[in-house]
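# A look at the structure
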Amino acid sequence: MTTISKITWDAASARRTERQFLAGAVARAGAGTPVAEVVGAMMGAHAQVLSAAEVSVGVRTSGLTRADVRTALWDDRSLIKTYGPRGTVHLLPARELPLWSAALTAIPTGPGPHRADVRLTEEQAAQVVAAIGEALDGTCLTLDELTEEIVARTGPWAGERVMPAFQDLWPRWRQVLHRAGWAGTLCFGPNRGRKATYTRPPVVAAAVPPVAGAGGGAGGGTAAGPGGALATFVRRYLHAYGPATPQHFAKWLAAPAGWAGTVFRELAAAGGIEEVDFEGARAWVAAGDTDFPDGPARGVRLLPYFDAYAIATQPRERLFPGAAYERALAGGQAGNYPVLLVDGVVAGVWHQRRRGRRTTVTVEPLVRLTARQERELGEQAERVGEVLEAKAELVMGEVRVGPHA
């Protein structure tokens, strides 16, 4: 009879922080660590607010700044800014784009939130995604320019302004913008003034064999065999955030829970993942990945808006204990507040306001900090300033800024 490993929250938290470069008094990733390696360990850095992604990367290292992130993104192109988990903007390692594309396009998609007369058919969606790839090959286009190119390649229906968004109407084609990113036919280019631009990624997504049923259609697919891209993707997720359940995985991706359950069952049957007892509940880790630290997590970190650790770590009520669950979550949603992480759990919120070359870092702790923790907090505030190329001043007090939308 197989013996199931028993994993405590403290052990899981300690391993997660180590693998996220968040353990100890100083960052484990040294100054010479490539930006893409840090982002890969995080399973992507949320970049709807680019400065937040820069801080996410920077606080995990001892020397990288926002300039290093921007160099990786726009100059050496080791990072790609595109659509990742939950259809939101992320920084991803360029060399891993084929893996992400194969996994994300395997997620089944439903009919979408729009009225039937607004939605694209699957045939139309496929036409738009193909047209985007053709239009962006070797160039950078603004949204308006891209709209013109798509309409020219598909038809006037793609440009009809029928899609409600932010008290405006967007062209019909934009409802699959994120799916073009998932398919590897679109990513962000450098801004042109205040306008975002889009281009085709320099990495060919087809370099990884396609996942059966891929394409973002209503059917989707799993192809969770031990050698498949989706299997590799799940094991990477479990390496970073396990032990985890199919429900945790589905929540992180905004994917159907039933589909995630099928993926995990297929992987377990193939020997790619194994079951563990996580605080008395069934959960999974990558097969053979059952070594955990003996001691609990230690260290203080300031994590920005939408940090990967705050969003992906589960169960959420353990990551946000006590008062943190009400104060640091927005209606149960993680990421809308920058958080103070103390010994692996959320213990406060913070905010930074920049004025010229100086930034004020206001921290509202929800627990009493020890002298060691206060010293580490001061060092972390300095680190945030270094990442943003500013001189930081730490202020302890109430954070009056509401959650990010």
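Residues numbered from 1 in each chain as written. Predicted model: local features only at pLDDT ≥ 70, side-chain atom pairs only at ≥ 80, totals over all residues. Heavy atoms only, no water.

Below, the discussion takes up the pairing of strand β14 (residues 358-365). The two faces of a sheet get side chains in turn, since along a regular strand they alternate between them. Note that strand β13 (residues 345-355) and β14 share eight bridges and pair antiparallel. Looking at β14, one finds that Arg-355 is bridged to Arg-358. Between β13 and β14, which follow one another and run antiparallel, lie two residues, and Gly-356 among them has a positive phi close to 65°. Where β14 meets strand β15 (residues 391-396), six bridges bridge the pair, whose relative direction is parallel. By the bridge assignment for β15, Val-361 is matched with Leu-394. Read from β14 through helix α15 (residues 371-387) to β15, the crossover connection turns out right-handed. (Pairing = 2+ DSSP bridges. Helix = DSSP H or I, 4+ residues; strand = E, 2+ residues; numbered from the N terminus. Right-handed = clockwise from strand over helix to strand, strands pointing away.)

Gly-242 connects to Pro-243 through a cis peptide bond whose omega is 0°. Topologically, Pro-243 is positioned in the loop between α9 (229-241) and α10 (246-253). With omega at -5°, the peptide bond leading from Gln-314 into Pro-315 counts as cis. Phi is positive for Arg-77, which is not a glycine, with a value near 55°. With respect to the helices and strands, the residue Arg-77 is situated in the loop between α4 (66-75) and β3 (79-83). Phi angles above zero are rare outside glycine, and Phe-306 is one such case at about 60°. Tracing the backbone shows Phe-306 in the loop between β11 (300-303) and α12 (308-312).

Time to look at the nonpolar core. If you look at the biggest cluster of nonpolar residues, it comprises 72 residues, and the most contacted ones within it are Leu-79, Leu-186, Phe-233, Phe-249, Trp-252, Leu-253 and Trp-259. Considering every element that reaches this core, the biggest residue donor is α9, with nine residues. When sequence neighbours within four positions are dropped, the list of residues in contact with Leu-253 reads Pro-85, Arg-86, Leu-104, Ile-107, Phe-233 and Trp-259. The next biggest cluster of nonpolar side chains, apart from the first, holds 46 residues, and it includes Ile-7, Tyr-337, Ala-347 and Trp-350. (Core = buried A, V, L, I, M, F, W, Y, C linked by side-chain atoms within 4.5 Å. Buried < 20%, exposed > 50% of the residue type's maximum accessible area, 1.4 Å probe, protein only. Contact = heavy atoms within 4.5 Å.)

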